[in-house]
Each structure stands twice: as structure tokens, then as C-alpha cells.
Amino acid sequence: MTAKFKDLALDATDHQALADWWCRALGYVRRDSLTGDERPDDWPVPIVDPAGEGPLIWLNPVPEPKTVKNRMHLDVFGDRAELLALGATLLRERGGDTEWDVMADPEGNEFCVFTPR
């Protein structure tokens, strides 16, 4: 084995707000709320699945906005209408041979939404 998966990282110009958005969307919490850790506001924010099932996700502060298509993205099970109500954008609706919606978070990071099983 050359490598082993550790965490997932998303860049954001407002990493604090985007961490909160992904927590609402995924049912995650800020890891620091579980550990009692405190970190400066300009440091990356780790969010976790409180049930321990999903991967650790880091929201990293960057100065530049997203400008091109992601080369890597999240796939999630979810409800399109609920994600839209949270502030996601629908980029491409499922249909034909595509069984998922392509959406973007409030900073434009694409993710695919599949019907919950």
C-alpha cells in the first residue's frame, strides 16, 4: 500500500461559514465541540460525523474564490429540495442516464446528490 485515506479537505474563502453550512447539510458537528479544543478563527475547521460513520472534513481558508470545475468532489445521499433550502445551487438535474443531481455549496464547490437508500 502506497497511501491510506486520512481526511477530506475543502477550500473556502469563508471557511467558518462553509463549515457551518456543511454541518447543517450533513448532520456533522465541529470536531472542537466534541473535544473541547479551541483554535484561532483563521485556522482550518475540522467537522465530523457525530455517529463516527463519515470521514473527517477540513474546511481550509484560502484567499481566492473558486473559479473552475472541481477535479474531486463529494457524493452524498440527500434531498435536493432540502439542500436548495439550505443555500445549495442546482447545477444539473438528474435525468436520462444520470441518476444524481449535480449541486454546488454556497462557495461553488460541486457535489453530487443521490436519492437516499
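Residues numbered from 1 in each chain as written. Predicted model: local features only at pLDDT ≥ 70, side-chain atom pairs only at ≥ 80, totals over all residues. Heavy atoms only, no water.

The protein chain is annotated in an unreviewed UniProt entry as VOC family protein of Amycolatopsis nalaikhensis.

Student: It is not clear to me how the nonpolar core should be interpreted in this structure. Could you clarify?
Tutor: Grouped burial of nonpolar side chains is what soluble globular proteins tend to show. Among the nonpolar cores identified, the biggest contains 20 residues, and Trp22, Ile47, Leu59 and Phe111 are the most heavily contacted of them. Those elements that provide at least two residues to this core are β1 (8-12), α1 (15-26), β3 (45-48), β4 (57-61), β5 (74-77) and β8 (110-114). When residues of this core are assigned to their parent elements, the largest contribution, five residues, is made by α1. Dropping the residues within four chain positions of it, isoleucine 47 is found in contact with Ala19, Trp22, Cys23, Tyr28, Val29, Arg30, Arg31, Pro55, Leu56, Ile57 and Leu59. (Core = buried A, V, L, I, M, F, W, Y, C linked by side-chain atoms within 4.5 Å. Buried < 20%, exposed > 50% of the residue type's maximum accessible area, 1.4 Å probe, protein only. Helix = DSSP H or I, 4+ residues; strand = E, 2+ residues; numbered from the N terminus. Contact = heavy atoms within 4.5 Å.)

Student: What am I meant to see in the pattern of salt bridges here?
Tutor: Two side chains carrying opposite charge are able to pair once their charged atoms lie near each other. Applying the stated criterion across every chain yields a total of seven salt bridges. In this structure, aspartate 20 engages arginine 30 in a salt bridge whose closest nitrogen and oxygen atoms are separated by 3.0 Å. Separated by ten residues along the polypeptide, aspartate 20 in helix α1 and arginine 30 in strand β2 (residues 29-30) bring together distant segments of the chain. For aspartate 20, a relative accessible area of 33% gives the class partly exposed. Notably, a salt bridge pairs aspartate 101 with arginine 94, separated by 2.8 Å at the nearest N-O pair. By relative accessible area, arginine 94 is classed as partly exposed at 26%. Within the structure, one salt-bridge network assembled from shared partners comprises Arg80, Glu93, Arg94 and Asp101. (Salt bridge = Lys/Arg side-chain N within 4 Å of Asp/Glu carboxyl O.)

Student: Quick question: what am I supposed to make of the UniProt feature "domain: Glyoxalase-like" (unreviewed entry) in the protein chain here?
Tutor: As annotated by UniProt and renumbered to match this structure, "domain: Glyoxalase-like" (unreviewed entry) occupies residues 8-114. Annotated as 22% helix and 31% strand, the span residues 8-114 places its first and last C-alpha atoms 19 Å apart. (UniProt positions renumbered as here; feature names shortened; annotations may be inferred.)

Student: Explain the sheet that holds β2 to me, please; I cannot follow it from the model alone.
Tutor: Two modes of strand pairing occur in sheets, parallel and antiparallel, and in both the strands are linked by backbone hydrogen bonds. Overall, mixed pairing links the four strands, which are arranged β1-β4-β3-β2 in an open sheet. Lying at the two open borders of the sheet, with one neighbouring strand each, are β1 and β2. Across three bridges, β3 lies against β4 in antiparallel orientation. Paired with proline 46 across the two strands is tryptophan 58, which belongs to β4. (Pairing = 2+ DSSP bridges.)

Student: I'm lost on the pairing of β4 in this one. Help?
Tutor: Across a regular strand the side chains alternate sides, sitting on one face of the sheet and then on the other. Of all five residues making up β4, four are buried, and the element is well covered by its neighbours. In this structure, β1 lies alongside β4, joined through five bridges in parallel fashion. Within β4, the position partnered with alanine 9 by the bridge is tryptophan 58.

Student: Mind showing me how you'd approach the side chain of histidine 15 here?
Tutor: Mapped onto the elements of the fold, histidine 15 is located in helix α1. From its side chain, histidine 15 meets the backbone oxygen of aspartate 41 in a polar contact 2.9 Å long. Of note is the side chain of histidine 15, whose polar atom sits 2.9 Å from the backbone oxygen of tryptophan 43. Those residues in contact with histidine 15 that sit more than four places away from it in its chain are Asp41, Asp42, Trp43, Pro44, Val45, Leu59, Asn60 and Pro61. (Polar contact = N/O pair within 3.5 Å; in protein donor to acceptor, adjacent residues only side chain to side chain.)

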